[in-house]
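Observations on the model geometry
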Amino acid sequence: MSDTIETAHPMIASDRVEGTAVFNRAGERLGRVERFMVDKVSGHAQYAVMSFGGLFGIGHRHYPLPWKALDFDPEKGGYVVDLTKEQVEGAPGYDAEGEEPKYDRAYQEQVYTYYGFPYI
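Residues numbered from 1 in each chain as written. Predicted model: local features only at pLDDT ≥ 70, side-chain atom pairs only at ≥ 80, totals over all residues. Heavy atoms only, no water.

Here the focus is the sheet that holds strand β3 (residues 45–52). With mixed pairing, seven strands are arranged side by side in an open sheet as β5-β6-β1-β2-β3-β4-β7. The sheet is open, and its two borders are formed by β5 (71–73) and β7 (94–95), each paired with just one other strand. Relative to strand β6 (residues 78–81), β5 runs antiparallel, the two being bridged by three bridges. Its bridge partner being in β6, phenylalanine 72 is matched across the sheet by tyrosine 79. (Pairing = 2+ DSSP bridges. Helix = DSSP H or I, 4+ residues; strand = E, 2+ residues; numbered from the N terminus.)

Encoded structure:
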């Protein structure tokens, strides 16, 4: 999320992040933030898990996006990412009804590398 974006209040409650729309730069709605993942030790948000695809909430998949990939756009009332629908479809993800990944180092490196961010 960009630090340069000014909003009326710089903080947001977790229950307001969940359900927030995610758009690409072309203005297409890609999905919504299903949840976000916080590092237990640092307390920093690491991922926004976006729900994408499916019909009427059935058959969608979850895609963890590095938090750094999201920019909040107050005019849209949602987050904007530099991704196409095709890029999301090829990204590391998992079925909504399936088992969540372990978010171990190998998985985290895979996600960060896919989106072009260094994993430290």
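This is not the end of the story, as more comes after the structure.
Turning next to helix α3 (residues 105–114). Of all the residues in α3, the buried ones are Tyr107, Gln108, Val111 and Tyr112. Viewed along the axis of α3, the buried residues span an arc of 130°, placing them on a single side of the element. Summarising the geometry of α3, the exposed residues directed more than 90 degrees from the buried face are Ala106 and Thr113. Elements that come into contact with the buried residues of α3 comprise β3, β4 (61–66) and β7. Downstream of α3 by a residue or two, glycine 116 has a phi angle that is positive, lying close to 80°. (Buried < 20%, exposed > 50% of the residue type's maximum accessible area, 1.4 Å probe, protein only. Arc of directions from axis to C-beta. Contact = heavy atoms within 4.5 Å.)

Bringing the environment of glycine 93 into the picture now. Tracing the sequence through the fold places glycine 93 in the loop between α2 (85–89) and β7. Put simply, glycine 93 and valine 111 are 18 residues apart on the chain and 8.8 Å apart in space, counted from C-alpha to C-alpha. Beyond its immediate stretch of four places on either side in the chain, glycine 93 contacts Arg61, His62, Tyr63, Pro64 and Tyr107.

Here the protein chain averages 87 in pLDDT, and 87% of its residues register 70 or above. Taken together, the stretch residues 1–6 has pLDDT below 50 and engages in eleven contacts with residues farther than four places along the chain or on a different chain. (pLDDT = per-residue confidence, 0-100.)

A separate point is the pattern of salt bridges. Oppositely charged side chains may form a pair once their charged atoms are brought near each other. Tallied over the full model, the rule gives six salt bridges. Put simply, arginine 25 and aspartate 82 hold a salt bridge, and the shortest N to O gap is 2.5 Å. Note that arginine 25 is positioned in the loop between β1 (21–24) and β2 (29–38) and aspartate 82 in the loop between β6 and α2, a separation of 57 residues in sequence. On the basis of relative accessibility, which here comes to 55%, the residue aspartate 82 falls in the exposed class. Between aspartate 95 and arginine 61 there is a salt bridge; the shortest N-O distance is 2.8 Å. On the criterion of sequence distance, the pair formed by aspartate 95 in strand β7 and arginine 61 in strand β4 is long-range, its members being 34 residues apart. Here aspartate 95 falls in the partly exposed class, since its relative accessible area comes to 42%. Classification of arginine 61 as partly exposed rests on a relative accessible area of 27%. Three or more residues are tied together by salt bridges with common partners; here these are Arg25, Asp71 and Asp82. (Salt bridge = Lys/Arg side-chain N within 4 Å of Asp/Glu carboxyl O.)

So, on to the packing of aromatic side chains. Per the counting criterion, the structure on display carries eight aromatic pairs. Their ring planes at 50° and their centres at 5.7 Å tell us that phenylalanine 36 and tryptophan 67 sit as a pair that is tilted. Of this pair, phenylalanine 36 sits in strand β2 while tryptophan 67 sits in the loop between β4 and β5, placing them 31 residues apart in sequence. For phenylalanine 36, a relative accessible area of 22% corresponds to the partly exposed category. A relative accessible area of 15% means that tryptophan 67 is categorised as buried. Between tyrosine 103 and tyrosine 107, the ring centres sit 5.5 Å apart and the planes meet at 90°, which makes this aromatic pair edge-to-face. Taken together, the ring pairs connect Phe36, Trp67, Phe72 and Tyr79 into an aromatic cluster. (Phe/Tyr/Trp six-rings, centres within 6.5 Å; stacked < 30°, edge-to-face > 60°.)

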